[in-house]
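Read off the chains here:
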Amino acid sequence: MQRRGVVFSGAMILVLAIGIWLTTSDAQDSENNVPTTTSINAETPLEPIVIPISLYLLEDAGDEETAFSTRRSVEEVEEILVGMNDIWSQASIELQPRFIGTIQVPEEILRQIAQGNFTPFYNATATIIDVPQPGMINGFYAREIGGANGITPGGIGSRTFFVMDDPTVHDRRVSSHEVGHILGLHHTLESAERLLFPGTNGMTLTEEEIVVARYVAQGMLDRQR
Ligand SMILES: [Zn+2]
């Protein structure tokens, strides 16, 4: 199993030696290059898996200036998604936006979310809260979520996560970490560099995690068909 860097240099030499036709495969190789890990087998580039995602900013239905409305802007959340796709490109998983925008939530339900109680919100999404165009993964951005940076209330295998306004680590990392849980990944305490290490800015995925996340992501897509 050769490392990508080695294959790339080898291709460069071959291009010089035997002609232009190799530049095509060389270009494809560069496109699939991943910034954060060098250990994926370059000879079998991962097929991209595209997962629809929707991201919602939770605003107070009565008064958007209350303490419980998110202070984030749609542009900010769009930028977070760009960062998430940087991180998830390690696994060749693309989170494709289906909806990014604000939803109105009754103040009492936002108050419950702020205390870490998500049940009233989930119950209300079936009735009084309109959640337009849900994706296969759905993220909710709230002012406070009970003290955590981010949380996937349903645990591994659920489809929804919450992120607070002022996490102690990078926004893109918090959201990507929660997506990791949704894609079947558990916490690790092995290295703070890892995406699944709790409470750090670690962003790397191991080859094993990539295999699991892709398997779960593909399963989600297959079940939808
Ligand atoms: Zn976690």
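Residues numbered from 1 in each chain as written. Predicted model: local features only at pLDDT ≥ 70, side-chain atom pairs only at ≥ 80, totals over all residues. Heavy atoms only, no water.

Peer 1: Describe the overall build of the protein, naming the residues involved and giving the relevant values.
Peer 2: A tally of regular secondary structure across the protein gives 7 helices and 5 strands. Ordering the α and β elements of the protein from the N terminus gives α-α-β-α-β-α-α-β-β-β-α-α. Counting across all 225 residues of the protein, residues that qualify as buried make up 47%. A sequence separation of at least 24 residues applies to 64% of the contacts in the protein between residues at least 6 apart. (Helix = DSSP H or I, 4+ residues; strand = E, 2+ residues; numbered from the N terminus. Buried < 20%, exposed > 50% of the residue type's maximum accessible area, 1.4 Å probe, protein only. Contact = heavy atoms within 4.5 Å.)

Peer 1: Report on the environment of His177, specifying residues and quantitative values.
Peer 2: By the element assignment, His177 lies in helix H6 (residues 171-182). Here the alpha-carbon distance between His177 and Leu196, two residues 19 residues apart in the chain, equals 6.0 Å. Here His177 is in contact with His187, Leu195, Leu196, Phe197 and Pro198, once residues within four sequence places are set aside. Within polar-contact distance, the side chain of His177 engages the side chain of His181 at 3.1 Å. (Polar contact = N/O pair within 3.5 Å; in protein donor to acceptor, adjacent residues only side chain to side chain.)

Peer 1: Explain the sheet that holds strand E3 (residues 137-142) to me, using residue names and the numbers behind them.
Peer 2: A sheet is described by the order of its strands in space; here 5 strands give the open sequence E2-E1-E3-E5-E4, paired in mixed fashion. Looking along the sheet, the strands with just one partner apiece sit at the ends: strand E2 (93-105) and strand E4 (150-151). In the sheet, E4 pairs with strand E5 (residues 160-164) via 2 bridges, with the strands oriented antiparallel. Within the sheet, the bridge partner assigned to Gly150 lies in E5 and is Val163. In this fold helix H4 (residues 107-114) packs onto strand E1 (49-60), E2, E3 and E5, with an angle of close to 115° to the strand it touches most, E1. (Pairing = 2+ DSSP bridges. Axes fitted to C-alpha atoms, helices over the stretch in contact; angles between N-to-C directions.)

Peer 1: Report on the nonpolar core, specifying residues and quantitative values.
Peer 2: Residues Trp88, Ile93, Leu95, Ile137 and Phe161 are the most contacted members of the largest nonpolar core, which totals 35 residues. Secondary structure elements with two or more residues in this core: E1, helix H3 (74-88), E2, E3, E5, H6 and helix H7 (207-224). Residue contributions to this core peak at 6 residues, all from H3. Ignoring sequence-local partners within four residues, the contact set of Ile137 consists of Ile51, Pro52, Ile53, Ser54, Leu95, Arg159, Phe161, Val179, Ile182, Leu183 and Met220. Membership of the second largest hydrophobic core comes to 18 residues, among which are Tyr56, Ile103, Ala124 and Ile129. (Core = buried A, V, L, I, M, F, W, Y, C linked by side-chain atoms within 4.5 Å.)

By themselves, these observations are geometric and do not establish any function.
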